[in-house]
Each structure stands twice: as C-alpha cells, then as structure tokens.
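Inside the fold
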Amino acid sequence: MTKQTFLHDKHLKLGARMVDFAGWDMPVQYTSIIEEHRTVRENAGLFDVSHMGEIIVYGEDALPFLNKLVPQDISRLIDKKAVYCQLTNKNAGIIDDLIIYKLEEKKYLIIANASRIDEDLNWMVRNKRGFDVTIVNESHNYSLLAVQGPKACELIKTLGVEELPKFFFIKRAELFDINLWISRTGYTGEDGVEILVRNEFSEYLWDKLLEAGREFGIKPIGLGARDTLRLEASLHLYGNDLDENTTPIEAGLAWSVAKDKQEDYNGRHVIEEQLKNGIKKKLIGLKMLDRAIARHGYDVYFNNEKIGIITSGGISPIRGDNIALAYIKNLDNLTVGSTIQVMIRDKLHDAEIIKRPFVAKRNKESK
Amino acid sequence: MNESMLCTKTHEYVLEQDGKYEIGITDYAIEQLGDIVFIELPETGAEFAKNEAFATIESVKAASEIYMPISGKVVEVNEEVVNSPELLNDETYENKWLIKIESSADQVEFADLLDYSDYKEEIE
C-alpha cells in the first residue's frame, strides 16, 4: 500500500496530481511544473518532503561510528552544523546520499532519501558492532517542509525568527507557537530553509506558511518542479545519478570526501585509489544542441561508439534549453566544450559538454 | 472538443473534414500530460498503419508515443505546434491537431473507435 504524508489531504484539496514516489503518494504538480519551477526561482515555493527519512544517531561513539560510514570528516562539524555526504559500501559504492547534522555532542540527525531508509538502517546496524551507539528511525514522527526561493528567508524572518541559521546550519526555533527545527538547506539551488516538525503540527504549519507567504508570492510546489529545479542546480538524485555501483569520485563529489581523515571508512581504499590513479567513468553535464530532450537511460555516443548513459535529463525552464547529467567513459579528449551525441528514438542528437551547475546557485551567498 | 470526433482508448482522436482526416490527442490527454515541451511529427508523405506510432509528445516528465487511430498517408503536419509545443496547453488556441491524412480505412478500422460521448464515459 502506498504511504501518505500527514499533508496528503492538503494536496488533494489543492487539486494536486498525485503520483507514486518511492512508495509514497506524492504531489507531482499542483498547476504546472514549469510555472511552479518559475515560482521558486522568482519568489518562494512550499514543498512537502515528509517522505524523506530522519534518523537519529547518538551515544558515546556516535562520532567514530559516523566517521566509519561516510567519506566526509564528521569530526569537523561544530554544533548545529550540517554536511552533505554519502553512505558508502566496502567498494565505495553509494548506498545513499545524506545530510548529517550535529545536533549536540554525541548526537546527530541524518536526513536520508525515502527510497533508501531501510537500506541505510540495515547498513548502519551491520556496521554497529563495537560502537556504543543508538540508532533511532524517527521518520514516522516527523514531517519535513521546504520553503525555497529568493523570498523564502524574508518570509521566515517576518514570522518572528529574527536570526535564521547560516547556510548548512540548523537551529531550534518557534513558528506559529510550534517548536521545530529550521535548517538552511534545500534541493533547488535557491536560498531557503527546510523545517522539521512533528507530524501533528504539519497541517497547521502548511496552512500558516501558505497564508503568511501569500504576500511573498508563495505557492505549493510538487515533485515535478523539485526535479527540474535540482537538475538545473546539478544536484544528484539517488537512484538516477547515484547508486551502489558508483563512487563519490565518479559522481563528481570529490569535494565531499575528506582527504586527510584519520579514521578508516567503508570504501576508503577504492576512493584513495581513484583519487590517485583516476576513474574509468565520470559524471558530466550536457546541453542538447537541438530541441530533443535527453532522458534517464538514453545512451551517449562519441564517434559512433557508445561511451555512456544519461542518468537525469529534461528541460531547463530558466535557460530555455534541454540539459542532462550523464556518466561517460573518462576519455581525456572529452571535456567542457566537446560535442558528443545522445541516442533518442534511434537517432543521434548532438549535445555539448558544459559546466555544472547549469544555473548558478544562489544559496551560498548567505554563508 | 468536437462532438463528431472518434477517439481511441489511448486518447488520440480522428475527425473527418472535407474528405481528409485530422488526427490529434484529446483534451483529456493534454491535461494528463501537463506542460508539453516537445512535439515530433512525421514528414508529409509518410504512411502509417492503424495503431502505429506516428508522433512523440514530450511533457516535462516523460515522452509519449502517439498512435494512428486509422491507417493513412500524411498530407499536412501542424508546424505551428511543432514550433511552439506549449500551444497545446493553451486553452484559447484552437488548432490543436497534429497531422492531416488521406485514408482509405474500411469499417473494420473504425470499429474499435469510440464516439465522443462514449469516450467521455471511458475517462470518467
């Protein structure tokens, strides 16, 4: 049976078209994906992302335990700071990509992908031996609402949160007399916040945010626009761009791998080998040179030889062209500016390798 | 929608006009697709069998093949919607047909098409 978030009725009342996403009945769009996309780039959007997982890890060994699980160096986190990282297997394949928050000494919050919560928990339990640590799945207790866009932070400030957390920080706050967590994170490339709230308050908070946000042009935004927004920002989607056969280095995530970390971690030997000797496949950004749309699973060619595969692709409402992420053989002569081809319905279409992100991110200026 | 349209269960329609047939997708199909961003149509002169894919329509989310309600030869394509696919989502725009064909389809080919009122029941 498909699961429903605590905001399911709200989506139906707003006339959303619902689709199955990772076993959840979620809104894909309320009006139009393109309109919703523009709303987030121009004003502010409200997202229900309550399907995402929340896992608390605490205990004497919480820090060394997490440091064994991810290539990032969790010891560098100060209180309330968050970091993007990956849960890697023994071969450095990505089990999930996560945001880990240090809530306090020896207590961490992990935000996980809905589709991967079970795998994440299994893996954590399998790695737990010898660590004095407790792992609690809080996913069923919490809703997650994202407010994203150039006016998102302004809106939250008018609601009495005078000082918002800085980029990639979380803080305890009160909105409409509800105690909740606000973090300066998101999945759109825009400035904004994600609000973690206990389920029983999520409907009230949703209504209040839409009401208070009206003067800022806030609109509810479905998963369709969430996908086009994250693609423009070149943010990976687990299951499309990341999987257990892909390492963080191949995925272009070397920036999220600590180079001088003391502890060993799962897959470290593979990551170090790849950093030293290079990788066989690499993630690239593409723009189509005609109007054809590259999509997940389409083959990529160079000189009539298959060299890779599209993992995410679609339109860019802001650029006005069609963009994609692809894994290709790591050939020296294929770099930014090179033209390659995408096979679309038995025809090759030219595409140019371009720099990522496809649309400049606007969240880091708030650092 | 025009009451004399005949529709397929896969949401294409065919409408006879001056001895030719206009083919397109139903309003319901357009609504289900959402924002239409790309339309690929065949060249004039191309011939297709009934139920053969003759066009591709892409929304933001996915690519969908469009099938021939009846067999025939393409005599005209709607370049306007190819150049501006979003016109299909525009409620004020009327020329939402995709291709016009000449057809010598017999009654057998028409047998499984739904008249508009039956189609409306089908989608409700």
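About the criteria used
- Residues numbered from 1 in each chain as written.
- Chains lettered and ligands numbered in written order.
- Predicted model: local features only at pLDDT ≥ 70, side-chain atom pairs only at ≥ 80, totals over all residues.
- Pairing = 2+ DSSP bridges.
- Helix = DSSP H or I, 4+ residues; strand = E, 2+ residues; numbered from the N terminus.
- Domains from an automatic or database assignment.
- Contact = placed C-beta atoms within 7 Å.
- Nonpolar A, V, L, I, M, F, W, Y, C, P; charged D, E, K, R; others polar.

All names here are of chain B. With antiparallel pairing, the 7 strands of this open sheet are ordered in space as β5-β8-β9-β3-β2-β1-β10. For this open sheet the edge positions go to β5 (47-48) and β10 (114-115), each flanked by a neighbour on one side alone. In this structure, strand β1 (residues 6-7) lies alongside strand β2 (residues 12-17), joined through 2 bridges in antiparallel fashion. Bridge pairing links Cys7 to Tyr13 in β2.

Residue and element names in this part refer to chain A. If you check the domain split of chain A, you get domain 1 (8-50 + 142-232), domain 2 (54-137) and domain 3 (254-354). Between the C-alpha centres of domain 1 and domain 3 the distance comes to 30 Å. Each partner contributes residues to the interface: domain 1 has 7 residues there, and domain 3 has 7 residues. Where the side of domain 1 that touches domain 3 is concerned, the elements lending two or more residues are α2 (33-42) and α7 (223-232). For the side of domain 1 that touches domain 3, a count of residues per class yields 2 nonpolar, 2 polar and 3 charged.

Contact with chain A, which involves 12 residues of that partner, is made by 9 residues of chain B. Every element with two or more residues in the side of chain A that touches chain B is listed here: α2, α7 and β16 (305-315) of chain A. Split by residue class, the side of chain A that touches chain B holds 4 nonpolar, 5 polar and 3 charged.

Further remarks concern the pairing of strand β4 (residues 53-58) of chain A. Residue and element names in this part refer to chain A. Sheet topology places β4 next to strand β7 (residues 107-112); 6 bridges connect them, and they run antiparallel. Its bridge partner being in β7, Ile56 is matched across the sheet by Leu109. Bridge count between β4 and strand β8 (residues 134-137): 4 bridges; the pairing is antiparallel. Counted as the bridge partner of Tyr58 is Thr134 from β8.

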